[in-house]
Amino acid sequence: MRPHLVSPAALLAAAALLVAACGGPATGGSDAPDGGTPPSTTDSPATDTPAPEPPGGGDIILGQEIAGALAALEAQGSWMFEVTVIAPSSGGDLSIVGTERREPVPAVSAQHTTQGTEFRYIRIGDDIWFDVGIGEWTHVDADSARNLISQYEPYHAAGLVGIAATAVNNEFELLGQEEVNGVMARHYRMTEHDRAAVTERLGLTPDQWLGDVWIATDGGYLVRFQFGPESFEVLQQTGGIGFLFNATDFGCTCPVEPPE
């Protein structure tokens with residue numbers, strides 16, 4: 001039985017349109033069994049590929065530099081996270097809470113909740129377990145679960161950064177420093193000029209668009225990321241998506257284990 005989550009293909013298509021509006025490329029195509037859109041971050045990156053450098057802490061960073069903040073987050077080894085995704089076409093918000101680890105192998109344990117139904121997803125390396133809200137776990141391997149992966153992993157850190165930041169060259173300006181999720185962080189916001197370029201194509205004003213990122217002052221890792229139209233009502237006008245990602249408990253002792 002497939003999990004009946006908010007359609008990732010629909011949301012990622014909407015995200016691609018928003019990225020294209022920002023001046024970045026909109027991509028298409030799929031190798032998922034039923035036409036879903038697998039995330040570009042499905043598999044672990046090659047070990048000989050250098051990680052992007054974290055932002056240097058200047059007054060201006062580029063959207064693509066947020067990938068460096070993600071790499072710095074992954075270098076923490078583990079963290080807990082909460083995500084809220086707002087998508088009018090889904091019939092309700094999608095909320096996710098979970099844990100990610102990078103050692104000894106990449107792993108994630110997450111609970112996805114939408115329209116009052118809870119879905120569980122655990123991945124440890126190439127082993128995946130999922131529960132579609134019936135209280136029973138199914139075990140599959142990653143090679144045979146491309147469409148399942150595309151239903152869950154785009155909403156975790158790498159997927160969100162991938163659809164909203166790395167494909168565009170927008171500028172984010174420093175607003176100041178503040179404590180967020182237990183750490184001091186630099187708060188950056190997409191410049192009004194770039195927000196205007198996005199919103200003009202969508203029939204909105206710059207103040208209706210959120211493009212905020214919080215990056216740890218010490219370590220340059222991603223702490224919080226907010227992207228998209230500023231309210232549910234605005235989202236209904238654009239047909240796009242919005243999300244808020246929060247990471248906490250950096251470097252925690254929080255194991256990801258198979259279900260019992």
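This one's a predicted model, so the numbers in the text were calculated from it and none came from an experiment. (Residues numbered from 1 in each chain as written. Predicted model: local features only at pLDDT ≥ 70, side-chain atom pairs only at ≥ 80, totals over all residues. Heavy atoms only, no water.)

**Description of unusual backbone geometry**
Outside of glycine, negative phi angles account for most residues, and trans bonds account for most peptide bonds. P104 follows E103 through a cis peptide bond whose omega is 0°. Here P104 is to be found in the loop between strand 3 (94-101) and strand 4 (107-114). The residue N181 is not glycine, and still its phi comes out positive at about 55°. As for its placement among the helices and strands, N181 is situated in the loop between strand 8 (171-180) and strand 9 (183-190). In the Ramachandran plot, D249 falls in the positive-phi region, its phi being about 55° despite a non-glycine side chain. With respect to the helices and strands, D249 occurs in the segment after strand 12 (242-248). (Helix = DSSP H or I, 4+ residues; strand = E, 2+ residues; numbered from the N terminus.)

**Comments concerning the pairing of strand 10 (residues 209-216)**
Burial analysis of strand 10 places 7 of its 8 residues in the buried class, the great majority of the element. In this sheet, strand 10 lies alongside strand 9 in antiparallel orientation, the contact comprising 5 bridges. Residue pairing for strand 10: R186 is matched across the bridge by I215. Note: strand 10 against strand 11 (residues 222-229), 7 bridges, orientation antiparallel. Paired with G211 across the strands is F227, a residue of strand 11. Counting the residues that bridge the hairpin from strand 10 to strand 11 gives 5 residues, and of these G219 lies at a positive phi of roughly 115°. (Buried < 20%, exposed > 50% of the residue type's maximum accessible area, 1.4 Å probe, protein only. Pairing = 2+ DSSP bridges.)

**Description of the pattern of salt bridges**
All chains considered together, the criterion is met by 4 salt bridges. As a salt-bridge pair, E100 and R102 come within 2.9 Å of each other at their nearest N and O atoms. The closest approach of N and O atoms between D212 and R189, which form a salt bridge, is 2.9 Å. A residue pair is termed long-range when its members are at least 10 positions apart, and D212 in strand 10 and R189 in strand 9 qualify at 23 residues. Among the charged side chains, a salt-bridge network with shared partners connects E74, E100 and R102. (Salt bridge = Lys/Arg side-chain N within 4 Å of Asp/Glu carboxyl O.)

**Regarding a negative patch on the surface**
Taken together, E171, E173, E192, D207, E230 and E233 make up a surface patch of like negative charges. The residue E230 is located in the loop between strand 11 and helix 6 (232-238) in this model. (Patch = residues over 30% accessible without salt bridge, like charges linked within 9 Å, V, L, I, M, F, W, Y side chains within 5 Å. Areas by Shrake-Rupley, 256 points an atom, 1.4 Å probe, with all protein chains shown as cover. Lys, Arg positive; Asp, Glu negative; His and termini not counted. Charge placed at Lys NZ, Arg CZ, Asp CG, Glu CD.)

**Observations concerning the sheet that holds strand 8**
Taken in spatial order, the 12 strands line up as 1-8-9-10-11-12-2-3-4-5-6-7 in an open sheet, and their pairing is antiparallel. In this open sheet, the two edge strands, each paired with only one partner strand, are strand 1 (60-62) and strand 7 (138-141). Going from strand to strand, the sheet's axes swing by 20° on average, the running direction of each strand aside. Relative to strand 5 (residues 117-124), strand 4 runs antiparallel, the two sharing 8 bridges. In the strand pairing of strand 5, Q111 is matched with R120. Of the strands in this sheet, strand 1, strand 2 (78-86), strand 8, strand 10, strand 11 and strand 12 touch helix 2 (residues 66-74), which is tilted by about 140° from strand 11. Running at roughly 55° to strand 9, helix 5 (residues 192-202) makes contact with strand 8, strand 9 and strand 10 of the sheet. (Axes fitted to C-alpha atoms, helices over the stretch in contact; angles between N-to-C directions. Contact = heavy atoms within 4.5 Å.)

**Description of the state of the cysteines**
A full pass over the atoms with the stated rule returns 1 disulfide. Between C252 and C254 runs a disulfide, and the two sulfur atoms are separated by 1.8 Å. Negative torsions about the S-S bond denote left-handed disulfides, and the value of about 45° found for C252 with C254 makes this one right-handed. We classify C252 as buried; its relative accessible area is 16%. (Disulfide = S-S within 2.5 Å.)

**Focus on the side chain of S78**
Position of S78 relative to the elements: it lies in strand 2. With sequence-adjacent residues up to four places away left out, S78 is seen in contact with E100, R101, D249, F250, G251, C252 and C254.

Read these as layout, nothing more, since geometry by itself doesn't imply function.
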